Amino acid sequence: MFLTRHFVFVHVPKTGGNFVRKILAQHAPPDWQLQELEDHATYERIPATHTELPRLALARNPFDWHVSWFHFQQSNFQQGIPSEFFTRISDGGRLDFQATMRRAYTGDGPLARSAGALTQTLFDMLGQGLEGATVGKVEQIREDLLGMFSACADVPPAM
């Protein structure tokens, strides 16, 4: 998560947050008062001083996001850093991508009657209903970031 005096950028996993970090570190003017919190801090971690500011984030094509998210979670699981959610939908890490997604979204799977992994992640990161969040697309990251930043502050030409 990145805090500025103009907005809060919430880094949703697997959506280009390292690119945003690089852009902000290189180009955010000092008067933006850029601060970095933990990578994937949720909206609940936004300090009281910043809760009224616009929340910005990026989302990714759901098909691409699920593949990237699965492999990231699988790697963490194998390294002994399991996610409770992934453990549940992958049957303790035993299922491959196809079986995990099928189990998650069909029949009696944990997500069959709920939001789904990407939507649930967005809700967890940005709040139920995404109130106050402006979400751009990773597939057009440059244009959407500039548009979101410009709606909140004067963007330096170098950015």
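Above this text sits the structure in question.
Described in the following lines is the structure provided in the data block. (Residues numbered from 1 in each chain as written. Predicted model: local features only at pLDDT ≥ 70, side-chain atom pairs only at ≥ 80, totals over all residues. Heavy atoms only, no water.)

What follows covers the packing of aromatic side chains. Counting across every chain of the model gives nine aromatic pairs. Ring geometry for phenylalanine 7 and tryptophan 32: centres 5.5 Å apart, planes at 80°, overall edge-to-face. Here tryptophan 32 lies in the loop between helix H1 (17–27) and strand S3 (35–36) and phenylalanine 7 lies in the loop between strand S1 (2–3) and strand S2 (8–9), a separation of 25 residues in the sequence. Its relative accessible area of 0% is what places phenylalanine 7 among the buried residues. When its relative accessible area of 1% is taken as the criterion, tryptophan 32 is described as buried. Relative to phenylalanine 86, the ring of tryptophan 69 has its centre 5.9 Å away and its plane inclined at 75°; by these criteria the two rings are edge-to-face. One end of the pair, tryptophan 69, is in helix H2 (residues 62–78); the other, phenylalanine 86, is in helix H3 (residues 84–89), with 17 residues separating them in the sequence. Of the two residues examined, tryptophan 69 and phenylalanine 86, each falls in the buried class. In textbook terms, an aromatic cluster arises when at least three aromatic residues are bridged by ring pairs, as seen for Trp65, Trp69, Phe70, Phe77, Phe86 and Phe97. (Phe/Tyr/Trp six-rings, centres within 6.5 Å; stacked < 30°, edge-to-face > 60°. Helix = DSSP H or I, 4+ residues; strand = E, 2+ residues; numbered from the N terminus. Buried < 20%, exposed > 50% of the residue type's maximum accessible area, 1.4 Å probe, protein only.)

The subject of this paragraph is the packing of H1 against helix H6 (residues 141–152). Interhelical geometry of H1 versus H6 gives an angle of 55° and a closest axis separation of 12 Å. Regarding the angle of H1 to H6, the classification is oblique. Like other packed secondary-structure pairs, H1 and H6 cross with a definite hand, here right-handed. Here Phe19, Val20 and Leu24 of H1 lie close against H6, whose contacting residues are Ile141, Arg142, Leu145 and Phe149. Of the residues contributing to the contact of H1 with H6, the split by class is six nonpolar, no polar and one charged. (Axes fitted to C-alpha atoms, helices over the stretch in contact; angles between N-to-C directions. Parallel < 35°, antiparallel > 145°, perpendicular 65-115°, else oblique. Left-handed = near helix turned anticlockwise from the far one by under 90°. Contact = heavy atoms within 4.5 Å. Nonpolar A, V, L, I, M, F, W, Y, C, P; charged D, E, K, R; others polar.)

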